[in-house]
Amino acid sequence: MKIENTPYYIAEIGQAHEGSLGILHSYIDALASTGVHAVKFQMHIAEAESSKYEPFRVKFSFEDATRFDYWKRMEFTLEQWKEIKQHCDAVGLDFICSPFSNLAVDWLEEIGVKYYKIGSGEVSNLLLIEKIAQTKKPLILSSGMSSFSELDTTVAFLQDKKVAFSILQCTTSYPTQPQQYGFNVIQELKERYHVSVGFSDHSAKIATNIGAVALGAEILEFHVVFDRRMFGPDAKSSLTLDEVKQLVDDCNAVYQAIEHPINKNDNSDFVALKSIFEKSLAVNKELPKGHILTFDDLEAKKPKGYGIEAARFQEIIGRKLNKNLNQWDFLNEADLE
């Protein structure tokens, strides 16, 4: 998942398709021109992952009596999922999907997924993680609802299974507020686990992702929606398609800056510019021969090299002119006794 010269961008559709294949495929086409590398889905198979007892995270639906009913409405058949994967392939987007059941892993293996994403609510579901580990494919782990103690357990499990993984700093709050971003955790995760670390965003702000990249995020995941006024539990926490394009452009620039540190001990590249922008000393009024120069007599004028360097003004104060000077004449050593 490491990309040269840019972060790895994952645009999450999640449930923004509202159970509609037409809307889902529209998202794939729209994202193909934004610069993201991957599009992410969630594979919900209601009978395998949920029950009638599951409460709503947010009561948002006018048509689903229960959370189970909602997951049921979000389902697609295995054949439909294969078509979704083929569409992603056709437009050059990596197909990523979060499974929420062992059955979903079986389906994703048949579809041909390259790697897996583990949602923050599944970090401690070692049954599911064991199922994924058996595939020997890499996975991305969201840390949203997990303490370091819980992450330690899952990381140790993955390391024991020799499964390659990355971790995303994530705050499970929709939309996430600035005081909840947890930017400090990005470096803490890197130092603790020595793996690629990214940021999973629910803030609906471009700036959040720019900040994460500046602080070391190598992977960015964010929800997308055609319009934040759309129906759905994640709409208010999502970026629009136009914002995604802007995010990619801005984060690429920041990432490039980080990849190319500047040596402030070497300014040889600016020699020509310095000769234009830097200045020479001049006099700001007509002055007679024999005048003793004061600070109030001096001005600095472009370009450099036509008079004494402006930085040396203190050496000039108190010295006597050996000739008459006109207003705005450059001041040189030859003019001084």
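Each remark here, short or long, concerns the structure printed above.
Quick caveat, the model's predicted, so the values are computed rather than measured.

1. Observations regarding the side chain of His223
Here His223 is to be found in strand 8 (residues 219–223). Residues in contact with His223, not counting those within four places in the same chain, are Glu12, Gln42, Asp201, His202, Asp234, Ser237, Ser238 and Leu239.

2. So, the side chain of Glu122
Tracing the chain through its elements places Glu122 in the loop between strand 4 (116–118) and helix 6 (126–133). The charged side chain of Glu122 is buried without a salt bridge, its nearest counter-charge being Arg67 at 10 Å. At a separation of 2.9 Å, a polar atom in the side chain of Glu122 contacts the side chain of Asn125. What Glu122 contacts, discounting residues up to four positions off in sequence, is Phe100, Leu128 and Ile129.

3. Let's talk about the pattern of salt bridges
A full pass over the atoms with the stated rule returns 25 salt bridges. For Asp152, the salt bridge goes to Arg192, with nearest N and O atoms at 2.8 Å. Taken together, the residues span a long stretch of sequence, with Asp152 in helix 7 (residues 148–160) and Arg192 in helix 8 (residues 184–193) at a distance of 40 residues. For Glu218, the salt bridge goes to Lys190, with nearest N and O atoms at 3.4 Å. With a gap of 28 residues between them, Glu218 in the loop between helix 9 (206–214) and strand 8 and Lys190 in helix 8 connect regions that are remote in the sequence. With a relative accessible area of 17%, Glu218 lands in the buried category.

4. A word on helix 8
All of the buried residues in helix 8 are Val185, Ile186, Leu189 and Tyr193. The arc enclosing the buried residues of helix 8, seen along the axis, measures out at 110 degrees, which places them on a common side. Close packing links the buried residues of helix 8 with helix 7, strand 6 (165–170), strand 7 (197–201) and helix 9. Positive phi shows up at His194, right after helix 8, with a value of about 55 degrees.

5. Here's the deal with the nonpolar core
Phe41, Trp81, Phe95, Leu220 and Phe222 are the most contacted members of the largest nonpolar core, which totals 67 residues. Counting residues per element, this core draws most heavily on helix 10 (residues 241–259), at 6 residues. Apart from residues no more than four positions distant in its own chain, Leu220 is found in contact with Tyr8, Tyr9, Ile10, Phe199, Asn209, Ala212, Val213, Leu247 and Cys251. Core analysis: the second largest hydrophobic core is formed by 11 residues, Val283, Leu298, Ile316 and Leu325 among them.

6. Points about a nonpolar patch on the surface
On the surface, Phe270, Leu273, Ile276 and Phe277 cluster together to form a nonpolar patch covering roughly 430 Å² of accessible area. Secondary-structure assignment places Phe270 in the loop between helix 10 and helix 11 (271–277). Owing to a relative accessible area of 46%, Phe270 belongs among the partly exposed residues under this scheme.

Parameters at a glance
- Residues numbered from 1 in each chain as written.
- Predicted model: local features only at pLDDT ≥ 70, side-chain atom pairs only at ≥ 80, totals over all residues.
- Heavy atoms only, no water.
- Helix = DSSP H or I, 4+ residues; strand = E, 2+ residues; numbered from the N terminus.
- Contact = heavy atoms within 4.5 Å.
- Buried < 20%, exposed > 50% of the residue type's maximum accessible area, 1.4 Å probe, protein only.
- Lys, Arg positive; Asp, Glu negative; His and termini not counted.
- Salt bridge = Lys/Arg side-chain N within 4 Å of Asp/Glu carboxyl O.
- Polar contact = N/O pair within 3.5 Å; in protein donor to acceptor, adjacent residues only side chain to side chain.
- Arc of directions from axis to C-beta.
- Core = buried A, V, L, I, M, F, W, Y, C linked by side-chain atoms within 4.5 Å.
- Patch = residues over 30% accessible without salt bridge, like charges linked within 9 Å, V, L, I, M, F, W, Y side chains within 5 Å.
- Areas by Shrake-Rupley, 256 points an atom, 1.4 Å probe, with all protein chains shown as cover.

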